[in-house]
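Each chain is listed here by its residues.
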Amino acid sequence: MLDFRIHTFLAVCKYKNYTQAAKHLHITQPAVSQQIKYLETLYNTKLFHYQGKTLTLTPNGEKLFHKATALVTDEIQFQKELLRPQTTNKTYNLGVTYTVGEYLLPKPLATYLNNHNDIQINLTMKNTATLQQDLLDGKIQFAIIEGTINNDLFTSLTLTKENFIPIASIHHTFQTPLHLANLTNEHLILREQGSGTRDILEKALALNNLTPNHFHKTSYIGSMPTIVELIKQNYGITFLYESAVKHELHKTIQTIPLNDFNIKHDISFIYIKDSSNKDLYNSIFNDLKEALKTTN
């Protein structure tokens, strides 16, 4: 069992405030201060300092944060393992983004499970930001995501590279040559905040000095199948992974012929950096990658 002061340290890291950490832990603010002081004495280093009124981690505090995060999440998984019924099956908790779970992973995952009869996968689908927090909270052991990854906290392995494309209904007409800036008179349909596809698009727009607000109309929808159906019905345009619409391309959906938009983006397998289970996670990653090759 980890020293309770490590959990106090992580609470201060999360809230960037001693009082809020104390409230979360149901202890007093002086108790939090005392426990952080104990850790600073134990490690002979300062863990926090103030920049103005903002509490920040020192470089050594950052190192402890990464190590402590890995230790806590490993302990959570170990506790779950001990409480699990004693069977020959191994159970792993995998988180995936919606595009991955609905379009990219089903066949490779089926192949993987058929090749590993002793393994059970509990699958959850959420957006990129939420899955990274679930990893930190120990709710899942590894994830397959799009979008921006915090490489200070997670080991990231590229499972595949996917074309990220602009699409519209086959009935929508465009004048060519066409550039990204020419689309601002369109109705743009986006995923919710925290989505990997939205994050990728917003970064691409920013490189062209654009934001979603530059478009004539912008709608935010949390369901990828709903977005695809709206596009098929000629209700706006969107940007997504080609694998999500590969069976509809040139039938009900077309790729918008942009001259200045060519993006391939990583689909990444991630887990907590410095995890004691990294060899296991790397092995699962390699098997899934091989299954992906044989099914696509």
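What you are looking at is a predicted structure, and each value in this text was computed from that prediction instead of being measured. (Residues numbered from 1 in each chain as written. Predicted model: local features only at pLDDT ≥ 70, side-chain atom pairs only at ≥ 80, totals over all residues. Heavy atoms only, no water.)

A. The arrangement of helix 9 (residues 224–232) in detail. Every buried residue of helix 9 is listed here: Met224, Ile227, Val228 and Ile231. Seen end-on, helix 9 carries its buried residues on one side only, within an arc spanning 100°. Buried residues in helix 9 make contact with helix 5 (98–104), strand 6 (154–169), strand 7 (187–190), helix 8 (196–207), strand 9 (238–241) and strand 10 (253–255). Of the residues flanking the end of helix 9, it is Asn234, one or two places downstream, whose phi is positive at about 65°. (Buried < 20%, exposed > 50% of the residue type's maximum accessible area, 1.4 Å probe, protein only. Helix = DSSP H or I, 4+ residues; strand = E, 2+ residues; numbered from the N terminus. Arc of directions from axis to C-beta. Contact = heavy atoms within 4.5 Å.)

B. Focus on a nonpolar patch on the surface. Side chains of Tyr38, Leu42 and Tyr43 sit close together on the surface and give an oily, nonpolar patch of about 310 Å² of accessible area. Among the structural elements, Tyr43 can be located in helix 3 (residues 29–43). Note on Tyr43: relative accessible area 42%, which makes it partly exposed. (Patch = residues over 30% accessible without salt bridge, like charges linked within 9 Å, V, L, I, M, F, W, Y side chains within 5 Å. Areas by Shrake-Rupley, 256 points an atom, 1.4 Å probe, with all protein chains shown as cover. Salt bridge = Lys/Arg side-chain N within 4 Å of Asp/Glu carboxyl O.)

C. Just unusual backbone geometry, in detail. Notably, Lys16 is not glycine yet its phi reads approximately 55°, a positive angle. Take Lys16: it is sitting in the loop between helix 1 (4–15) and helix 2 (18–25). According to the relative accessible area criterion, Lys16 is partly exposed, its value standing at 40%. One non-glycine residue with positive phi stands out, namely His26, at about 60°. Within the secondary structure layout, His26 lies in the loop between helix 2 and helix 3. What makes His26 exposed here is its relative accessible area of 72%.

D. Highlighting the nonpolar core. Ranked by size, the top nonpolar core spans 41 residues in total, and within it Ile144, Leu183, Ile237, Phe239 and Phe269 carry the most contacts. A total of five residues in this core trace back to one element, the largest contributor, which is helix 10 (residues 278–295). Among residues more than four places away in sequence, those in contact with Leu183 are Phe174, Leu178, Phe215, Ile237, Phe239, Ile256 and Leu258. (Core = buried A, V, L, I, M, F, W, Y, C linked by side-chain atoms within 4.5 Å.)

E. Region of interest: the packing of helix 1 against helix 3. Axis separation between helix 1 and helix 3 bottoms out at 9 Å; the angle between their running directions is 110°. What the angle tells us is that helix 1 and helix 3 run roughly perpendicular. Seen from helix 1, the contacting residues are Phe4, Arg5, Ile6, Thr8, Phe9 and Val12; seen from helix 3, they are Val32, Gln35, Ile36, Tyr38, Leu39 and Tyr43. Among the residues making up the contact of helix 1 with helix 3, the classes are represented as nine nonpolar, two polar and one charged. (Axes fitted to C-alpha atoms, helices over the stretch in contact; angles between N-to-C directions. Parallel < 35°, antiparallel > 145°, perpendicular 65-115°, else oblique. Nonpolar A, V, L, I, M, F, W, Y, C, P; charged D, E, K, R; others polar.)

F. Region of the structure containing the environment of Asn262. Considering the arrangement of structural elements, one finds Asn262 in the loop between strand 10 and strand 11 (263–272). Linking Asn262 and Asn163, residues 99 residues apart in sequence, is a C-alpha distance of 8.1 Å.

G. Focus on the pairing of strand 8 (residues 217–220). Of the strand pairs in this sheet, strand 7 and strand 8 are connected by four bridges, and their pairing is parallel. Of the residues in strand 8, the one forming a bridge with Ile189 is Ser219. Handedness of the β-α-β unit built from strand 7, helix 8 and strand 8 comes out right-handed. (Pairing = 2+ DSSP bridges. Right-handed = clockwise from strand over helix to strand, strands pointing away.)

H. Structural context of helix 7 (residues 128–136). Taken as a whole, helix 7 has its buried residues at Thr128, Leu131, Gln132, Asp134 and Leu135. Looking down the long axis of helix 7, one finds its buried residues gathered within 155° of arc, a one-sided arrangement. The opening residue of helix 7 is Asn127, an N-cap whose side-chain oxygen sits 3.3 Å from the backbone nitrogen of Ala129. Positioned one or two residues after helix 7, Gly138 has a phi angle of 75°, which is positive. (Polar contact = N/O pair within 3.5 Å; in protein donor to acceptor, adjacent residues only side chain to side chain.)

I. Local environment of the pairing of strand 5 (residues 142–145). Because side chains alternate across strand 5, one face comprises the buried residues Phe142 and Ile144, and the other comprises Ala143 and Ile145, equally buried. As defined by bridge partners, strand 5 adjoins strand 11 across three bridges and the pair is classed as antiparallel. Directly across from Ile144, in strand 11, lies its bridge partner Phe269.

J. Spatial organisation of the pattern of salt bridges. Summed over the entire model, instances satisfying the criterion amount to eleven salt bridges. Arg5 serves as the salt-bridge partner of Asp3, at 2.9 Å between the closest nitrogen and oxygen. By relative accessible area, Asp3 is classed as partly exposed at 31%. Note that Lys67 is salt-bridged to Asp274, the shortest N-O span being 3.9 Å. Note that Lys67 is positioned in helix 4 (residues 59–83) and Asp274 in the loop between strand 11 and helix 10, a separation of 207 residues in sequence. Taking relative accessible area as the criterion, Lys67 reaches 48% and is therefore assigned partly exposed. Its relative accessible area of 42% is what places Asp274 among the partly exposed residues.

K. The arrangement of the packing of aromatic side chains in detail. Tallying each qualifying case throughout the model produces ten aromatic pairs. Judged by centre distance (5.3 Å) and plane angle (20°), the ring pair of Phe142 and Phe269 falls under stacked. Of the two residues, Phe142 is situated in strand 5 and Phe269 in strand 11; the sequence distance between them amounts to 127 residues. Accessibility expressed as a relative area gives 0% for Phe142, which makes it buried. (Phe/Tyr/Trp six-rings, centres within 6.5 Å; stacked < 30°, edge-to-face > 60°.)

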